[in-house]
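Chains, contacts and geometry: an overview
Chain by chain, the residues run as shown.
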Amino acid sequence: MNTKLWAVDKEEPLKHSYPQIMEAAGLLKENEVVAFPTETVYGLGANALSDQAVLKIFEAKGRPSDNPLIVHISKLEQLTELVDNVPESAHKLMEAFWPGPLTLVLPKKEGVSQYVTAGLDTLAVRMPDHPIARALIEISGLPLAAPSANLSGKPSPTTAKHVEEDLIHRIAGIVDGGATGVGLESTVVDCTAETPMILRPGGVTKEELEKVVGNVDVDPALFSQEELHKPKSPGMKYTHYAPIAPVYLVEGSASFMEQTIKGAQLKGHKVGLLATEETIAQIQATEITAISCGTKNDFATVASQLYDGLRAFNATDVDVIFSETFPRTGVGAAIMNRLEKAAGHKFIKE
Ligand code: TXA
Ligand code: MG
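Residues numbered from 1 in each chain as written. Chains lettered and ligands numbered in written order. Predicted model: local features only at pLDDT ≥ 70, side-chain atom pairs only at ≥ 80, totals over all residues. Heavy atoms only, no water.

What the rule picks out here adds up to two aromatic pairs. In this arrangement the basic side chain of Lys346 is found over the ring face of Tyr248, its NZ or CZ atom lying 5.2 Å from the centre. Over the aromatic face of Phe347 sits the side chain of Lys349, whose NZ or CZ is 4.8 Å from the ring centroid. (Phe/Tyr/Trp six-rings, centres within 6.5 Å; stacked < 30°, edge-to-face > 60°. Lys NZ or Arg CZ within 6 Å of the ring centre and 35° of its normal.)

Written as structure tokens, this is what we have:
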């Protein structure tokens, strides 16, 4: 398949990139699959009301069919054709965080493609805060089902180049709007339970949610590596976000990191280091491929650079990657969730 690439103005797409948006939206209306930027990561969009369109998403990504998709809207009115009996907690969360990196799991209405929900009776919905995503939803007039625009199992794409690496020739088009902002996927909250429950940590933190709706639970499966706990968000059970070389999470001081690196090098390994600029500056080691992911002064920079860092190792010859770890508060909860998945929960502790 020939994949069209459009460079689109991020700030005012309808003013400066109208023909490109019209063409991309036209393909979406023809039930084709198009990748586009959101404020979290790039999404792989298709008409959420068409079985045929939605199935193309699963095929392009190689996504397991039991993993449901998020539907993206640009106006609250679109909810009426998608969900029923929206609970009070969900209304409060929409008011506080939409448009933004928050996905709400709600009771679904008939008419949504059964493939979107993978047969569940709930639907995940989000209103993205990105002018290009919103323009495509508005011009196509469609709710867009969109998972992250990566091959299943790979880190989510935060640039159009990442999407190209994974999906060129597999999809109809890619709208290039530059790098995304948050860098990690949206927080997924199940609002169908008595107390709202975080199924996937993300851009909106537990602390922020609790300021709006009081107590918020966290799916116990997020703390467990055992198969015992079946996650309520089907996508959370798969190995994810992983580069080719194995990743180990190194917990301890910078000197412990240095010791760990040197130990592996003595055994003949080509070592990659994923760490903040502060930690990299403290490590004295030669022949190491160090990739910086932001600064300790602002963990939002780590979130936004994490996937690009993980992917960058694929262009190197490292055969093992050591990563710094982060406190699990605020956005750190989402960062550690993704790192643990990339590492398959492998820790080296001081
Ligand atoms: O930031 C994001 O959320 C990005 C951008 C493109 O919007 N999208 C994204 O989609 O990360 P995806 O498909 O990679 O992740 C969707 C997650 C999966 O873990 C899936 O299992 C979960 O949401 N999910 C979808 N529908 C669900 C439902 N009805 N109940 C529980 N979990 C659901
Ligand atoms: Mg994904």
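Across the sheet, which stays open at both edges, the 11 strands sit in the order β1-β8-β2-β3-β7-β4-β6-β5-β9-β10-β11 with mixed pairing between neighbours. Either end of the sheet is taken by a strand with one partner, and the two such strands are β1 (4-7) and β11 (217-218). As paired strands, strand β4 (residues 70-72) and strand β7 (residues 144-145) are joined by two bridges and run antiparallel to one another. In the strand pairing of β7, His72 is matched with Leu144. Helix α4 (residues 88-97) rests against β5 (102-107) and β9 (187-190) of the sheet, and its axis sits at about 155° to β5. (Pairing = 2+ DSSP bridges. Helix = DSSP H or I, 4+ residues; strand = E, 2+ residues; numbered from the N terminus. Contact = heavy atoms within 4.5 Å. Axes fitted to C-alpha atoms, helices over the stretch in contact; angles between N-to-C directions.)

Attention now goes to the sheet that holds strand β15 (residues 320-324). Sheet architecture is open: five strands sit in the order β14-β13-β15-β12-β16, paired in parallel fashion. A strand with exactly one partner marks an edge of an open sheet, and here the two such strands are β14 (289-292) and β16 (347-349). The mean inter-strand angle of the sheet, taken between neighbouring strand axes irrespective of direction, is 25°. Of the pairings in the sheet, the one linking strand β13 (residues 271-275) to β15 comprises four bridges and is parallel in character. The residue of β15 that forms the bridge with Leu273 is Phe322. Strand contacts of helix α8 (residues 254-266): β12 (247-251), β13, β15 and β16, with the helix running at about 175° to β15, the strand carrying the most contacts. Its contacts with the sheet put helix α11 (residues 332-342) on β12, β13, β15 and β16, and the angle it makes with β12 is roughly 130°.

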